[in-house]
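Residues per chain, in single letters:
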Amino acid sequence: MALASRLLSRSTRQLCAGQVVLRPEHAIPVRSFAKGAAAPTALKGDQVLKDIFYEVKNKLETAIGVLRKEKITIDPEDPAAVSEYAKVMNSVRQKANLLSESQIIKFNIEVETHEIPDARTYLLKLKEMRVKRGLIDEQGIEDLQMAALDKVEKEIKKPLMRNDKKGIALLTAEFDKINQKLGIRKEDLPKYEEQLELKIAKAQLEELKKDALEAMETQKKR
């Protein structure tokens, strides 16, 4: 029973951590803090915190309620188990009104890169974020993008800034060539998002398996 509760807690944390504060209605622009801007008087701090607390509470209760009814096979090496786990997590997100992993990544990118002025630092930040999430660049796209950036900067004879429309257009054209070479099409984005969800589901199952093994070892020692 203790093991089941521990795994349920882990699954719920994986779903809900950071979800509510990421939602646009609660997000406070980083730029506002940088400039020392005062919070709008209409949004009183205490009430905002109360609203967030109750929203988190409701989402957690909904997520836990769904997870208690589902059967999860903790086998990250079994594609069927990974697929089923991903479906369960997707069901929980829909019922608890949580962001998908793709939406979280997109929002994090916007938040963490909006003040980066140049293209090179931007791409390096994306790589850093990918590594932190445990995602693998299987096709070596980042190296190809960096090579494309080197080519563009050599052509324009200066570092490429993100507000340089002509330079960014050149880089975008190079990225399009990379996508075409790798067979990546915009219309296939839903498929890529699904593949991403499966990769993240597998990583989460690996964490759950690790927790389960640690819990069993603890029980043996007792």
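The sections below set out a description of the structure shown in this document. (Residues numbered from 1 in each chain as written. Predicted model: local features only at pLDDT ≥ 70, side-chain atom pairs only at ≥ 80, totals over all residues. Heavy atoms only, no water.)

To continue, consider the overall build of the chain. Within the chain one finds 10 helices and zero strands. When the helices and strands of the chain are placed in sequence order, the string is α-α-α-α-α-α-α-α-α-α. The buried share among the 222 residues of the chain stands at 33%. Sequence separation of 24 or more characterises 73% of the internal contacts of the chain that already satisfy a separation of 6 or more. (Helix = DSSP H or I, 4+ residues; strand = E, 2+ residues; numbered from the N terminus. Buried < 20%, exposed > 50% of the residue type's maximum accessible area, 1.4 Å probe, protein only. Contact = heavy atoms within 4.5 Å.)

A probe as big as a water molecule, rolled over the atoms, marks out the empty space that is left. Taken as a whole, the largest pocket holds about 1,900 Å³ of empty space. Lining the largest pocket are 40 residues, with Ile141, Gln145, Ile184, Leu189 and Tyr192 sitting closest to its centre. Listed by contribution, the elements that provide at least two residues to the lining of the largest pocket are helix 6 (101-113), helix 7 (119-132), helix 8 (141-156), helix 9 (165-182) and helix 10 (189-221). Across the lining of the largest pocket, the residue classes tally to 18 nonpolar, eight polar and 14 charged. (1 Å grid on protein atoms, 1.4 Å probe; cavity = no way out; pocket = protein on both sides within 12 Å on 5 of 7 lines; lining within 4 Å. Points joined across faces, edges and corners; volume = space filled by probe spheres on them. Nonpolar A, V, L, I, M, F, W, Y, C, P; charged D, E, K, R; others polar.)

What follows deals with the nonpolar core. One finds Ala63, Val66, Leu67, Val82, Tyr85, Ala86, Val88, Met89, Val92, Ala201, Leu205 and Leu208 forming the largest nonpolar core, which totals 12 residues. Sorting the residues of this core by element identifies helix 4 (45-69), helix 5 (79-96) and helix 10 as the ones contributing at least two each. The element that contributes the greatest number of residues to this core is helix 5, accounting for six residues. Membership of the second largest hydrophobic core comes to 10 residues, among which are Met146, Leu171, Phe175 and Ile178. (Core = buried A, V, L, I, M, F, W, Y, C linked by side-chain atoms within 4.5 Å.)

What follows concerns the environment of Asn108. Position of Asn108 among the secondary structure elements: in helix 6. For the pair formed by Asn108 and Met129, sequence separation is 21 residues and the distance between their alpha carbons is 8.7 Å.

With 33 residues, helix 10 ought to run about 48 Å at 1.5 Å a step, and its terminal C-alpha atoms sit 48 Å apart, in line with that. For helix 10, the complete set of buried residues consists of Leu196, Glu197, Ile200, Ala201, Gln204, Leu205, Leu208, Asp211, Ala212 and Ala215. (Expected span 1.5 Å × (residues − 1).)

In short, geometric facts, not functional conclusions.
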